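Coordinates in review
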Amino acid sequence: MLAISPAPFYIYISPRGNDANAGSEEAPVATLRRAQDILVEARPASDVIIRIRGDEGPYDGQSVIWEYWNAEYNTTFESYPDSTYASFRQGDADTTFFVLAASAGRPTNLHFRRISVEGYTAGAIWFLGSAGD
């Protein structure tokens, strides 16, 4: 008998969103940091798809230390709708866009689709594991 995978857990982000929102398509959050908070609270037992509005302008100055991962399920960051690229641009601070703080020797199953990262002087994406940077 073929097992049916649970439906993905969706979170929506928009530059016009608000981090007080629930992260639904109708009430998106504004930051990746808040999306991570929602995941930590919900602990979904399914794939996660973080849909990042790519048609509502750029995301300026976002930076996140990403600690949420699930070795059994995928977490996908994708521009939404499919025909767009979500653009993250460096703000005034000298920051890194995305720092992954991963667990030793376990797959993180993170995927990025149609994401543009521009001008982050400290780096775009860092992967930190048990062996160092």
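Refer to the structure above for everything that follows.
If you're wondering where the values come from, they're calculated on a predicted model, not measured in any experiment.

This part covers the overall build of the chain. Helix and strand content of the chain: 1 helix and 10 strands. Along its sequence from the N terminus, the chain presents helices and strands in the succession β-α-β-β-β-β-β-β-β-β-β. Computed over the C-alpha atoms, the radius of gyration of the chain is 15 Å, within 12% of the 14 Å expected from 2.2 N^0.38 for a compact globule of 133 residues. For the chain, the spread of C-alpha atoms along the principal axes amounts to about 55 × 40 × 30 Å.

This part covers a nonpolar patch on the surface. A grouping of Phe112, Ile125 and Phe127 is seen on the molecular surface, where their side chains present a nonpolar patch of about 260 Å² in accessible area. Examined against the element boundaries, Phe112 turns out to sit in strand β8 (residues 110-113). The class for Phe112 is partly exposed, based on a relative accessible area of 31%.

Let us look at the sheet that holds strand β9 (residues 115-118). Reading across from one edge, β3-β6-β9 is the order of the 3 strands in this open sheet, with parallel pairing throughout. The two strands at the open ends of the sheet, each matched to only one other strand, are β3 (59-60) and β9.

Rules behind the numbers
- Residues numbered from 1 in each chain as written.
- Predicted model: local features only at pLDDT ≥ 70, side-chain atom pairs only at ≥ 80, totals over all residues.
- Heavy atoms only, no water.
- Helix = DSSP H or I, 4+ residues; strand = E, 2+ residues; numbered from the N terminus.
- Rg over C-alpha atoms; globule rule 2.2 N^0.38 Å.
- Patch = residues over 30% accessible without salt bridge, like charges linked within 9 Å, V, L, I, M, F, W, Y side chains within 5 Å.
- Areas by Shrake-Rupley, 256 points an atom, 1.4 Å probe, with all protein chains shown as cover.
- Salt bridge = Lys/Arg side-chain N within 4 Å of Asp/Glu carboxyl O.
- Buried < 20%, exposed > 50% of the residue type's maximum accessible area, 1.4 Å probe, protein only.
- Pairing = 2+ DSSP bridges.

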